[in-house]
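# Overview (structure and organization)
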Amino acid sequence: MLGLVLSGLTAFPLQRELEAVTSARGLDGAATTAHNGLDAWLLRVRDGLREVYGRYPWMAYGTDWLAFAHLVLAVFFVGPLVHPVRNVWVLWAGLIACALVLPLALICGPIRGIPFGWRLIDCSFGIFGAIPLWYCLLLTKRLEREMRNPAS
């Protein structure tokens, strides 16, 4: 839930965040081609957002909806927090979503020209997102067994 909320909240101010990060790294007037690694990536994304938002400001509305979707998905996980056994389906849906991150990143990434390393980072969200969900699923199964067979 926390990861979804943080992802959602940080997706609203993308351009301001990138401007702040590149400024903090001393890259204010830097060109993308003058750097390698992380700095080049930050500058490329910053410059892309500048260009797209400058020419087509309504495109930011798409990332607003992306952010909103993260917040809405986080709300679904309140169910398993309150009544895990009854809402175990949310955990399964979350695991399925995590699994689907991999083919999405590996299929759509090349179509959109996303470098392979970036696609692996995207895949890691699915993998690391599945770990707490799997653990919660195991705890929920244990709780369900205990509810069926209470200790005398």
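One structure accompanies this document, and this report is about it. (Residues numbered from 1 in each chain as written. Predicted model: local features only at pLDDT ≥ 70, side-chain atom pairs only at ≥ 80, totals over all residues. Heavy atoms only, no water.)

### Examining the nonpolar core
In this structure, Phe 77, Val 90, Leu 91, Leu 95, Cys 98, Ala 130, Leu 133 and Leu 137 together form the largest nonpolar core, which totals eight residues. Of all the secondary-structure elements, those providing two or more residues to this core are α6 (88-111) and α7 (116-148). Take this core: its biggest share by element is four residues, from α6. Each residue touching Leu 137, except ones within four places of it in the same chain, is listed here: Val 88, Leu 91, Trp 92 and Leu 95. One finds Leu 18, Leu 42, Tyr 53 and Ala 60 within the second-largest nonpolar core, a separate group that totals five residues. (Core = buried A, V, L, I, M, F, W, Y, C linked by side-chain atoms within 4.5 Å. Buried < 20%, exposed > 50% of the residue type's maximum accessible area, 1.4 Å probe, protein only. Helix = DSSP H or I, 4+ residues; strand = E, 2+ residues; numbered from the N terminus. Contact = heavy atoms within 4.5 Å.)

### With respect to the packing of helix α2 (residues 14-24) against helix α3 (residues 37-55)
Running from N to C, α2 and α3 cross one another at 140°; their axes reach a closest spacing of 9 Å. One way to sum up the angle between α2 and α3 is to call them oblique. Remark: the crossing between α2 and α3 carries left-handed chirality. Contact residues: α2 offers Leu 14, Gln 15, Leu 18, Glu 19, Val 21 and Thr 22, while α3 offers Leu 42, Leu 43, Val 45, Arg 46, Leu 49, Arg 50 and Tyr 53. Grouping the amino acids of the contact of α2 with α3 by side-chain chemistry returns eight nonpolar, two polar and three charged. (Axes fitted to C-alpha atoms, helices over the stretch in contact; angles between N-to-C directions. Parallel < 35°, antiparallel > 145°, perpendicular 65-115°, else oblique. Left-handed = near helix turned anticlockwise from the far one by under 90°. Nonpolar A, V, L, I, M, F, W, Y, C, P; charged D, E, K, R; others polar.)

### Overview of the environment of Ala 11
By secondary structure assignment, the location of Ala 11 is in helix α1 (residues 2-11). Between the alpha carbons of Ala 11 and Ala 69 there is a distance of 10 Å; along the sequence they are 58 residues apart. In contact with Ala 11, not counting residues within four places along its chain, are Thr 63 and Ala 67.

### Regarding the packing of aromatic side chains
On inspection of all chains with the given rule, the structure shows six aromatic pairs. Look at Trp 41 and Trp 118: their rings are 5.6 Å apart centre to centre, the planes differ by 80°, and that puts the pair in the edge-to-face class. Note that Trp 41 is positioned in helix α3 and Trp 118 in helix α7, a separation of 77 residues in sequence. For Trp 118, a relative accessible area of 24% corresponds to the partly exposed category. With a centroid separation of 6.4 Å and 80° between ring planes, the pair formed by Phe 76 and Trp 89 is classed as edge-to-face. Remark: Trp 89 occurs in helix α6 and Phe 76 occurs in helix α4 (residues 60-76); sequence separation between them is 13 residues. (Phe/Tyr/Trp six-rings, centres within 6.5 Å; stacked < 30°, edge-to-face > 60°.)

### Some remarks on α3
Under the 1.5 Å per step criterion, the end-to-end length of α3 is 27 Å for 19 residues, consistent within 8% with the ideal 27 Å. Those residues of α3 lying buried are Asp 39, Ala 40, Leu 42, Leu 43, Arg 46, Leu 49 and Tyr 53. Of the surrounding elements, those touching the buried residues of α3 are α2 and α4. (Expected span 1.5 Å × (residues − 1).)

### Remarks on the pattern of salt bridges
In total, this model carries five salt bridges according to the counting rule given. Here Arg 25 makes a salt bridge to Asp 39, at a shortest N to O gap of 2.6 Å. Taken together, the positions of Arg 25 in the loop between α2 and α3 and Asp 39 in helix α3 put the pair 14 residues apart, joining distant regions of the chain. Classification of Asp 39 as buried rests on a relative accessible area of 16%. If you follow the salt bridges from partner to partner, you end up with Glu 19, Arg 46, Asp 47 and Arg 50 in one network. (Salt bridge = Lys/Arg side-chain N within 4 Å of Asp/Glu carboxyl O.)

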